[in-house]
Amino acid sequence: MGRARLARLHGVATSYAPAPGTSVPIADDTVVAVLAALGVDASTPHAVRTALAAYEDDARRALLPRTVVARPDRPPDLARLPEGTVLRVETGAGEAADLGAPDPAALARLPLGVHVLEARAPGGRTSRAPLIVAPDRVPVPPGRSHGFLVQLYSLLSRRSWGMGDLGDLAELAAWSGRALGTGFLQLNPLHAAVPGPPTDPSPYRPSSRRFPDPVHLRIAHIPEYAHLAGAARLRADELAARADALRSGVLERGALIDRDAVWALKREALELLWAVPLGPGRRAAYCDFLAEQGQALEDHATWCAIAERHGPDWRGWPAELRDPRSPGTARLRHRLLDRIDFHCRLVWHTDQQLAAAQRAARDAGMAVGLVHDLAVGVHPSGADTWAQQDAFAAGMSIGAPPDAFNARGQDWGLPPWRPDALAAAGYAPYRELLRGLLRHAGALRIDHVMGLFRLWWVPEGRPPTEGAYVRYDGEAMLSVLALEARRAGAAVIGEDLGTVEPGVREALAARGVLGTSVLWFERDYGNGERDAGNGAAAGDGAAAADGSGAAAAPEAGVEGSGAGPAGDAAPARDAAPASGAPARILAPEEWRNGCLATVTTHDLPTTAARLTGEDVALRERLGLLAGPPERERSRATQERTEWLRELVRRGLLPEGAGDEEAAVKAVHRFLLRTPARMVGIWLPDAVGDRRPQNLPGTWDEYPNWRLPIAGPDGRPHTLEELAASPRLHALMRELAEGCR
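Please read these numbers as outputs of a predicted model, since none were measured by experiment. Every residue gets a number counted from 1 within its own chain, in the order that chain's sequence is written. This being a predicted model, a pLDDT of at least 70 is required before a residue's local features are given, and a value of 80 or more before pairs of side-chain atoms are given or counted; all residues contribute to the totals for chains, interfaces and linings. Side-chain numbers here rest on the full set of heavy atoms in the structure, without hydrogens or water.

### Focus on the overall build of the chain
Definition in use: Each helix corresponds to a stretch of at least 4 residues labelled H or I by DSSP, and each strand to a stretch of at least 2 residues labelled E; elements are numbered beginning at the N terminus. Radius of gyration means the value over C-alpha atoms here, while the globule rule gives 2.2 Å times the residue count to the 0.38 power. When a residue's accessible area, from a 1.4 Å probe over protein chains only, is under 20% of the maximum for its type it is buried; when over 50% it is exposed; and in between it is partly exposed. The contact rule is simple, with two residues in contact once any of their heavy atoms fall within 4.5 Å.
The number of helices and strands found in the chain is 21 helices and 23 strands. In terms of overall dimensions, the chain is globule-like: its C-alpha atoms have a radius of gyration of 26 Å, near the 27 Å expected for 740 residues. Taking all 740 residues of the chain together, the buried fraction comes to 61%. In the chain, the proportion of contacts linking residues at least 24 apart, taken out of those at least 6 apart, comes to 73%.

So this is what it looks like as structure tokens:
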């Protein structure tokens, strides 16, 4: 009983609900392990009593919570302050004001931003805490718009070095905004990867989410490239010729995108460019960037420089280098100043090209422009976990509990943030992360947005079945998000597929966060469970959730991550919810308007593959079907037939059911009939690509994250060919007219 109470006080669940009406207790040793990762000893009855006493003593002593959050519709709760307490605030602008007696409404009326609140109680007790004053809602996209969803690496032009780059992105933005009337481009995460070789090609297991990866640079667009001379110019030309061969291999000879080969060429070219002196204006701009980014950039570049010597896993570095603030690390920083400057320069170049891509989008008339993607976590050996060790829970990984679609649960191999550490730091790590991602964005997509409220923690060395939910302060997380989005003037899209507990979607919508609605998952099960994307509610002891909700999204697998090294199996294809209720396709007018509506995603089959049955054939060849092939093919045919009949019934398929290209148009016409504020087109769908970019449940069996965009026959299409594609233009005319 005492341990359960201690767990509840620290936001650790002692049970979860894999399906409505079902409660599974969390093993005591799991609760002990998770509490230990939060700095709480619950290993023995005596330890539990001691920890409870310490918690209660801290609660009695504290005048203020670790972080105070205020917004117009929700002033902070200051009822616990003793009578006679007076407040003083130091604003983010450096001004100070005595507020007198506690007035929560007055705090909510302060300027938006991060301030410091001081409480002084009778008897001399004082307390200081960060005060975050946030808007009630994030900005919303202006009007209705349509746009492309694209994995940047897959978008090769005749000028890219073996994979899509930021020059290609700017070109896509300029063309599609002007010629197609698109309002946004949603990208895969461009976070800095853990360096190889081999580099994990998944963009969802980065070294750092705080800084972009220079592998995306267009080398020729760096101004110093024009000033290379002599041997450096000759070498740069040789590298460009080798890059031409890499590109030709992908586009003409069936080679896969080889990130490591691309980076080897770009890195050598960047070394040449680093030796070119910056002009006075460029030098001043670079110095301003360094000053603006501060310690965070220095830490990131230091990690990169040390990784060149000791490898990319800081946990195996010499002991004194594992601490970014140790004297040994300080000495090595001094010796590696040139290498640190090199890596800082790469971040600057990448930031400039991201800015140029967003300018190209806005200049082309896009209302939103670039939509960046925030991965759910970072690699345990990478730069962020090294630089921010106090913010991460050591020995823990996030994932998903067992449910009706995956009895083994999921372990994504990504360490979670500690909610207590975030609160103690005034959410600074989270604020800085968002600010960096929103620098050159019109919107931000948040992968697994439910993680703002709780995450499934799996102790190291244990299966994901032996995890537990840990609660985050959703009000604080959403308020920080709203504050940073307002500062950037950017919208926010939450990826809310999978397991979603009751109330989360409503909380997100109330703050203006758009959801994600995928056509195949938008169904009504007729028993209060709406849409398979909602997921099975998982109640927990920390939040006393009621366990009701919808079934987990079929095929969602490990969102964004592909499979981990172990290659977890994907869930059954479009399985029915645990209730067994028949699923009705939601009518377009029943969809929510606050969402990005799409037909498919990077983790799902392309629309052409689903409509032709090639998705099932691929999974059968790889041995990934959950049941007998005949049954899976029959179910796929049944679903396809159901959808084609629905499209014909609604007059959306006048061409008839035998035309795959027409059927692709028809499902997008269906999206246009929904009230969705944003309508996304998976770029490969526009040319009939049949190959998924990522196939959850595979590792080496399938080339996840390494395929160029291709046509129905598998022949890669360059950006120039996409721009000339009659099929693409025919589809996009429908979208442009439907979004007017």
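### Focus: the pairing of strand β22 (residues 595-598)
Defined as follows: Two strands qualify as a pair provided that DSSP identifies no fewer than 2 bridges between them.
Both faces of β22 are covered, namely the face carrying Cys595 and Ala597 and the face carrying Leu596 and Thr598. Here strand β19 (residues 515-518) runs beside β22; their pairing, made up of four bridges, is parallel. In the sheet register, Thr516 faces β22, and the bridge partner there is Leu596.

### With respect to the sheet that holds strand β17 (residues 468-471)
The condition is simple: Axis angles are defined between N-to-C directions and span 0 to 180 degrees, where every axis is a line fitted to C-alpha atoms and, for a helix, only to the segment in contact.
The strand order β14-β13-β16-β17 describes an open sheet built from four strands, whose pairing is antiparallel. Of all the strands in the sheet, the pair left with one neighbour each is β14 (410-414) and β17. Between one strand and the next, the sheet's axes are offset by a mean angle of 50°, whatever the strand orientation. As judged from the four bridges shared by strand β16 (residues 454-459) and β17, these two strands associate in the antiparallel manner. If you follow Leu455 over to β17, its bridge partner there is Val470. Contacts from helix α2 (residues 28-37) reach β13 (396-400), β16 and β17, with the element oriented near 105° to β16.

### Notes on the packing of helix α6 (residues 230-252) against helix α7 (residues 259-274)
Put simply, the rule is: Note on angle classes: values under 35 degrees are labelled roughly parallel, values over 145 roughly antiparallel, values of 65 to 115 roughly perpendicular, and the remainder oblique. Two helices crossing with the near one rotated counterclockwise from the far one by less than a right angle form a left-handed crossing, whereas a clockwise rotation gives a right-handed crossing. Just so you know the grouping, Ala, Val, Leu, Ile, Met, Phe, Trp, Tyr, Cys and Pro go in nonpolar, Asp, Glu, Lys and Arg go in charged, and all remaining residues, Gly too, go in polar.
Contact geometry of α6 with α7 gives a least axis separation of 10 Å together with a crossing angle of 165°. By the criterion of interaxial angle, the relationship of α6 to α7 is roughly antiparallel. Our pair here, α6 against α7, has a crossing hand that is left-handed. Only Ala261, Val262, Leu265, Glu268, Ala269 and Leu272 of α7 make contact with α6, whose side of the interface consists of Ala232, Arg235, Ala236, Leu239, Arg242, Ala243 and Leu246. Residues of the contact of α6 with α7, tallied by class, amount to ten nonpolar, no polar and three charged.

### Quick word on the nonpolar core
Note the following rule: Throughout this description, the term nonpolar core refers to a set of buried Ala, Val, Leu, Ile, Met, Phe, Trp, Tyr and Cys residues connected via side-chain atoms within 4.5 Å.
Ranked by internal contacts, the top residues of the largest apolar core, which has 70 residues, are Trp457 and Leu481. Of all the elements, helix α14 (residues 474-488) adds the most residues to this core, at eight residues. Listed in part, the 60 residues of the second largest apolar core include Leu185, Val518, Leu519 and Leu735.

### Observations concerning the pattern of salt bridges
As a working rule, side chains carrying opposite charge can pair if their charged atoms are close by. Applicable threshold: The term salt bridge refers to a pairing of a side-chain nitrogen on Lys or Arg with a carboxyl oxygen on Asp or Glu at a separation within 4 Å.
Evaluation of the coordinates by the stated rule reveals 62 salt bridges. Where Asp57 meets Arg60, a salt bridge forms, and the shortest distance between an N and an O atom there is 3.4 Å. Here the residue Asp57 and the residue Arg60 both occupy positions in helix α3 (residues 45-61), the gap between them amounting to three residues, near one helical turn. When its relative accessible area of 26% is taken as the criterion, Asp57 is described as partly exposed. Notably, a salt bridge pairs Glu224 with Arg282, separated by 2.6 Å at the nearest N-O pair. You can see Glu224 sitting in the loop between β11 (208-212) and α6 and its partner Arg282 sitting in helix α8 (residues 280-310), a full 58 residues away along the chain. Of the two residues, Glu224 and Arg282, both sit in the buried class.

### Let's talk about the packing of aromatic side chains
Defined as follows: What counts as a ring pair is set by centres within 6.5 Å for rings of Phe, Tyr and Trp (its six-membered ring), and what kind of pair is set by the plane angle: stacked under 30 degrees, edge-to-face over 60, tilted for all other angles.
Under the counting rule described, the total for this entry stands at twelve aromatic pairs. With 6.4 Å between their ring centres and 35° between their planes, Trp303 and Trp317 make a pair best called tilted. With Trp303 in helix α8 and Trp317 in the loop between α8 and α9 (327-335), this pair connects stretches of sequence that are 14 residues apart. With a relative accessible area of 1%, Trp303 lands in the buried category. Ring geometry for Trp417 against Tyr430: centres 6.0 Å apart, planes inclined by 75°, an arrangement best described as edge-to-face. Of the two residues, Trp417 is situated in the loop between β14 and α12 (419-424) and Tyr430 in helix α13 (residues 428-437); the sequence distance between them amounts to 13 residues. The buried category is assigned to Trp417, whose relative accessible area is 10%.

### Some remarks on α13
Counted residue by residue, α13 has seven buried out of ten residues, so it is predominantly covered. Within α13 the residues assigned to the buried category are Ala428, Pro429, Tyr430, Arg431, Leu433, Leu434 and Leu437.

### Remarks on the environment of Ser15
Within the fold, Ser15 resides in strand β1 (residues 15-16). Of the residues examined, Ser15 reaches a relative accessible area of 18% and is grouped as buried.

### Side note on the packing of helix α19 (residues 660-673) against helix α21 (residues 726-738)
It is at 10 Å that the axes of α19 and α21 come closest, and there the two elements cross at 20°. With respect to their mutual orientation, α19 and α21 come out roughly parallel. Our pair here, α19 against α21, has a crossing hand that is right-handed. Of the residues in α21, those touching α19 at Glu660, Glu661, Val664, Lys665, His668, Arg669 and Leu672 are Arg727, Ala730, Leu731, Glu734, Leu735 and Gly738. Considering only residue class, the contact of α19 with α21 consists of five nonpolar, two polar and six charged.

### Side note on unusual backbone geometry
Here the bond from Gly196 into Pro197 is cis, since omega is 0°, no more than 30 degrees from zero. Structurally, Pro197 can be placed in the loop between β10 (191-192) and β11. The omega angle of the peptide bond from Pro197 to Pro198 is -10°, so this bond is cis rather than trans. With respect to the helices and strands, the residue Pro198 is situated in the loop between β10 and β11. With a phi angle near 50°, His448 is a residue other than glycine that sits in the positive phi range. Among the structural elements, His448 can be located in the loop between β15 (443-446) and β16.

### Examining α21
We apply this condition: Residue count minus one, scaled by 1.5 Å, sets the expected span of a helix.
Spanning 13 residues, α21 covers 19 Å between terminal C-alpha atoms, matching the ideal 18 Å at 1.5 Å per step. Here α21 has its buried residues at Arg727, Leu728, Ala730, Leu731, Met732 and Leu735. The elements touched by buried residues of α21 are β8 (145-150), α5 (166-180), α19, β23 (678-682) and α20 (719-723).

### Structural notes on the sheet that holds strand β12 (residues 369-374)
In spatial order, the strands read β18-β15-β12-β9-β8-β23-β22-β19; together these eight strands make up an open sheet with parallel pairing. With one partner strand each, in any of the chains shown, β18 (491-494) and β19 form the two edges of the open sheet. If you compare each strand with its neighbour and ignore which way they point, the axes differ by 25° on average. Sheet strands in contact with α13 are β12 and β15, and its direction is about 145° off that of β12.

### Some remarks on the confidence of the model for the chain
In plain terms, the rule: By definition, pLDDT measures how confident the predictor is in each residue, and it falls between 0 and 100.
Overall, the predicted model of the chain reaches an average pLDDT of 91, with 92% of residues at or above 70. Of the regions scoring below 50 in pLDDT, residues 532-580 engages in 170 contacts with residues more than four places distant in sequence or in other chains.

### Digging into the environment of Gly311
Relative to the helices and strands, Gly311 resides in the loop between α8 and α9. Residue class for Gly311 comes out buried when judged on its relative accessible area of 19%. In the structure, Gly311 is positioned 63 residues away from Ser248 in sequence and 32 Å away in space, judged by C-alpha atoms.

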